[in-house]
Amino acid sequence: MARHEIRIGEISDYLGVRKATVSDKINGHYKFSFDDAVRIKRKFFPALDIEYLFANDEVEKAG
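These figures come from a predicted structure and were not determined experimentally.

Thresholds, definitions, all that
The written sequence of each chain sets the order in which its residues are numbered from 1. It should be noted that, the model being predicted, local features are given only for residues of pLDDT at least 70 and side-chain atom pairs only at 80 or more, the latter also being counted only at that level, while totals for whole chains, interfaces and linings use all residues. Note that the side-chain values use all heavy atoms of the structure and ignore hydrogens as well as water. Interaxial angles span 0 to 180 degrees and are taken between N-to-C directions of axes, which are lines fitted to C-alpha atoms, for helices over the stretch in contact. Secondary structure elements follow DSSP: runs of H or I no shorter than four residues count as helices, runs of E no shorter than two count as strands, and numbering proceeds from the N terminus. Orientation labels follow simple angle bins: below 35 degrees gives roughly parallel, above 145 gives roughly antiparallel, 65 to 115 gives roughly perpendicular, and whatever is left gives oblique. A crossing counts as left-handed when the near helix is turned anticlockwise from the far one by less than a right angle, and as right-handed when that turn is clockwise. Only heavy atoms matter for contacts: two residues are in contact if any of them lie within 4.5 Å across the pair. Residue classes follow a fixed rule: Ala, Val, Leu, Ile, Met, Phe, Trp, Tyr, Cys and Pro count as nonpolar, while Asp, Glu, Lys and Arg count as charged, and any other residue, Gly among them, counts as polar. The cut-offs for exposure are 20% and 50% of the maximum accessible area for each residue type, with area from a 1.4 Å probe on protein chains only; residues under the lower value are buried, those over the upper are exposed, and the others partly exposed. Under this rule, positive means Lys or Arg and negative means Asp or Glu; His and the chain ends count for nothing. A pairing counts as a salt bridge when a side-chain nitrogen of Lys or Arg comes within 4 Å of a carboxyl oxygen of Asp or Glu. N or O atoms within 3.5 Å of each other form a polar contact, as long as, within protein, one can give a hydrogen and the other can take it, and as long as residues adjacent in sequence are counted only when both atoms are side-chain atoms. Residue-level confidence of the predictor, termed pLDDT, takes values from 0 up to 100. Side-chain rings of Phe, Tyr and Trp (the six-membered ring for Trp) are treated as a pair once their centres are within 6.5 Å; stacked means planes under 30 degrees apart, edge-to-face means over 60, and tilted covers the remaining angles. Any Lys NZ or Arg CZ that is within 6 Å of a ring centre and within 35 degrees of that ring's normal is treated as a charge sitting over the ring.

Right, let's get into the packing of helix α1 (residues 8-15) against helix α3 (residues 34-44). Packing of α1 against α3 brings their axes to within 11 Å, and their N-to-C directions diverge by 120 degrees. Between α1 and α3, the angle falls in the class oblique. Relative to α3, the crossing made by α1 is right-handed. In this structure, α1 contributes E10, I11, Y14 and L15 to the contact, and α3 contributes D36, R39, I40, K43 and F44. Classifying every residue of the contact of α1 with α3 gives five nonpolar, no polar and four charged.

Within the fold, K41 resides in helix α3. Although buried, K41 forms no salt bridge, and the nearest oppositely charged side chain, D49, lies 6.0 Å from it. A polar atom in the side chain of K41 sits 2.8 Å from the backbone oxygen of L48. Leave out the neighbours within four places in its chain, and K41 touches P46, A47, L48, I50 and L53.

Note on placement: A20 falls in helix α2 (residues 19-26). Residue A20 is classed as partly exposed on the basis of its relative accessible area of 33%. For the pair A20 and G9, spaced eleven residues apart in sequence, the C-alpha to C-alpha distance is 9.3 Å.

Further remarks concern the confidence of the model for the chain. Per-residue pLDDT for the chain averages 91, and the proportion of residues at 70 or more is 89%. Helix α5 (residues 57-62) is the least confidently modelled element of the chain, averaging 56 in pLDDT, while α1 averages 98, the highest of any element.

Moving on to the packing of aromatic side chains. Evaluated as defined, the whole model comprises three aromatic pairs. Relative to F45, the ring of F44 has its centre 6.4 Å away and its plane inclined at 55 degrees; by these criteria the two rings are tilted. Classification of F44 as buried rests on a relative accessible area of 13%. Residue classification places F45 among the buried residues on the basis of a relative accessible area of 6%. Taken together, the aromatic side chains of Y14, F44 and F45 make up a single cluster linked through ring pairs. Over the ring of Y14 we find R39; its NZ or CZ atom is 4.7 Å from the centre of that ring.

Listed below in structure tokens is the structure:
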């Protein structure tokens, strides 16, 4: 997000949720729904793979 100068507030506004909700999801407390992940990728990170954007340590360790 920092490399693309995207702020949590931009994503929360786009999804129509609180900043704290997006922050909790980014920090791994909750998961993004598939639909929200696709929307975020298409709007803010169209050139990046969804797997790269939403990878987490648990998935990488299992693979």
